[in-house]
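One-letter residues, chain by chain:
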Amino acid sequence: MEIIQATQRHQRQAAYALRHAVFVEEQNVPVELEIDEHDETDALHFIALEQGQVVGTARILRKGSIAKIQRVAIAKENRGIGLGHQLMGHLMDYAKTMDRITSIVLDAQTDALPFYEKLGFVSEGDVFDDAGIPHRTMRYVLES
């Protein structure tokens, strides 16, 4: 498996297609909420490739001194084999190289909290609804 930054339009389109399959088709997220104004402007997209096929994706948004990881999606047939862990590790390593970043934040679906906790993220705040799915904000503080 290879993880790369999706800098070309066709790579981002493949990432959007995977996100559509996971979030819209599987999880019933309204289609109008899935793609947003950040996707083609300030988001950094990453894709995980297996034999040339996009099997995982996520994006990073910079918000001041925070790197926010969003839209983490793994193809249904590729779950449970450690791909999500590898993708998150890559994103966290990338965020650590970003200038003046002090923490990494994400909004995790509550059923994924243990996954992110194993990566060192700590929950903060109350559970909230995002697109009909309960979420909780999690933070990973970078060493200074």
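Okay, so let's go over this structure. (Residues numbered from 1 in each chain as written. Predicted model: local features only at pLDDT ≥ 70, side-chain atom pairs only at ≥ 80, totals over all residues. Heavy atoms only, no water.)

## Focus: the overall build of the protein chain
A tally of helices and strands in the protein chain yields four helices and seven strands. Reading the helices (α) and strands (β) of the protein chain from amino to carboxyl end gives β-α-α-β-β-β-α-β-α-β-β. The C-alpha radius of gyration computed for the protein chain amounts to 14 Å, which stays within 12% of the reference 15 Å derived for 144 residues, consistent with globular compactness. Along the first, second and third principal axes, the C-alpha atoms of the protein chain reach 35 × 30 × 30 Å. Burial status across the protein chain gives 45% buried among its 144 residues. A sequence separation of at least 24 residues applies to 57% of the contacts in the protein chain between residues at least 6 apart. (Helix = DSSP H or I, 4+ residues; strand = E, 2+ residues; numbered from the N terminus. Rg over C-alpha atoms; globule rule 2.2 N^0.38 Å. Buried < 20%, exposed > 50% of the residue type's maximum accessible area, 1.4 Å probe, protein only. Contact = heavy atoms within 4.5 Å.)

## Let's talk about the pairing of strand S2 (residues 44–50)
The element S2 is extensively covered by neighbouring structure, given that five of its seven residues are classed as buried. Inspection of the sheet shows strand S1 (residues 2–5) paired to S2 by four bridges, in the antiparallel sense. Directly across from glutamine 5, in S2, lies its bridge partner phenylalanine 46. Both S2 and strand S3 (residues 53–63) contribute to a ladder of seven bridges, which runs antiparallel. In the strand pairing of S3, isoleucine 47 is matched with threonine 57. The antiparallel hairpin formed by S2 and S3 contains two residues in its connecting segment, where glutamine 51 sits at a positive phi of about 50°. (Pairing = 2+ DSSP bridges.)

## Let's talk about the pattern of salt bridges
Note that side chains of opposite charge can pair when their charged atoms are close. Applying the stated criterion to the full structure yields 12 salt bridges. Residues glutamate 40 and arginine 12 are paired through a salt bridge, measuring 3.2 Å at the closest nitrogen-oxygen approach. Here glutamate 40, found in the loop between helix H2 (31–34) and S2, pairs with arginine 12, found in helix H1 (residues 9–26); they are 28 residues apart in sequence, far enough to count as distant. Its relative accessible area of 41% is what places glutamate 40 among the partly exposed residues. One salt bridge in this structure joins glutamate 26 and arginine 79, with 2.9 Å as the shortest N-O distance. With glutamate 26 in helix H1 and arginine 79 in the loop between strand S4 (66–74) and helix H3 (83–97), this residue pair connects regions lying 53 residues apart in the sequence. Looking at glutamate 26, the relative accessible area reads 33%, which means it is partly exposed. What emerges from the salt-bridge pattern is a single network uniting Arg19, Glu34, Asp36, Asp39, Arg59 and Arg71. (Salt bridge = Lys/Arg side-chain N within 4 Å of Asp/Glu carboxyl O.)

## Remarks on the nonpolar core
Ranked by size, the top nonpolar core spans 28 residues in total, and within it Met88, Tyr116 and Phe121 carry the most contacts. Going through the elements one at a time, S2, S3, S4, H3, strand S5 (103–109), helix H4 (113–118) and strand S7 (133–141) are the ones with two or more residues in this core. Here this core gets six residues from one element, more than from any other, and that element is H3. Those residues within four positions of tyrosine 116 in sequence are excluded, and the remaining contacts are Val72, Met88, Leu106, Ala108, Phe121 and Met138. (Core = buried A, V, L, I, M, F, W, Y, C linked by side-chain atoms within 4.5 Å.)

## Here's the deal with the environment of glycine 120
Examined against the element boundaries, glycine 120 turns out to sit in the loop between H4 and strand S6 (122–130). Given a relative accessible area of 36%, glycine 120 falls into the partly exposed group. In the structure, glycine 120 is positioned 21 residues away from valine 141 in sequence and 8.9 Å away in space, judged by C-alpha atoms. With near-sequence residues (within four places) excluded, glycine 120 lies in contact with Arg139 and Tyr140.

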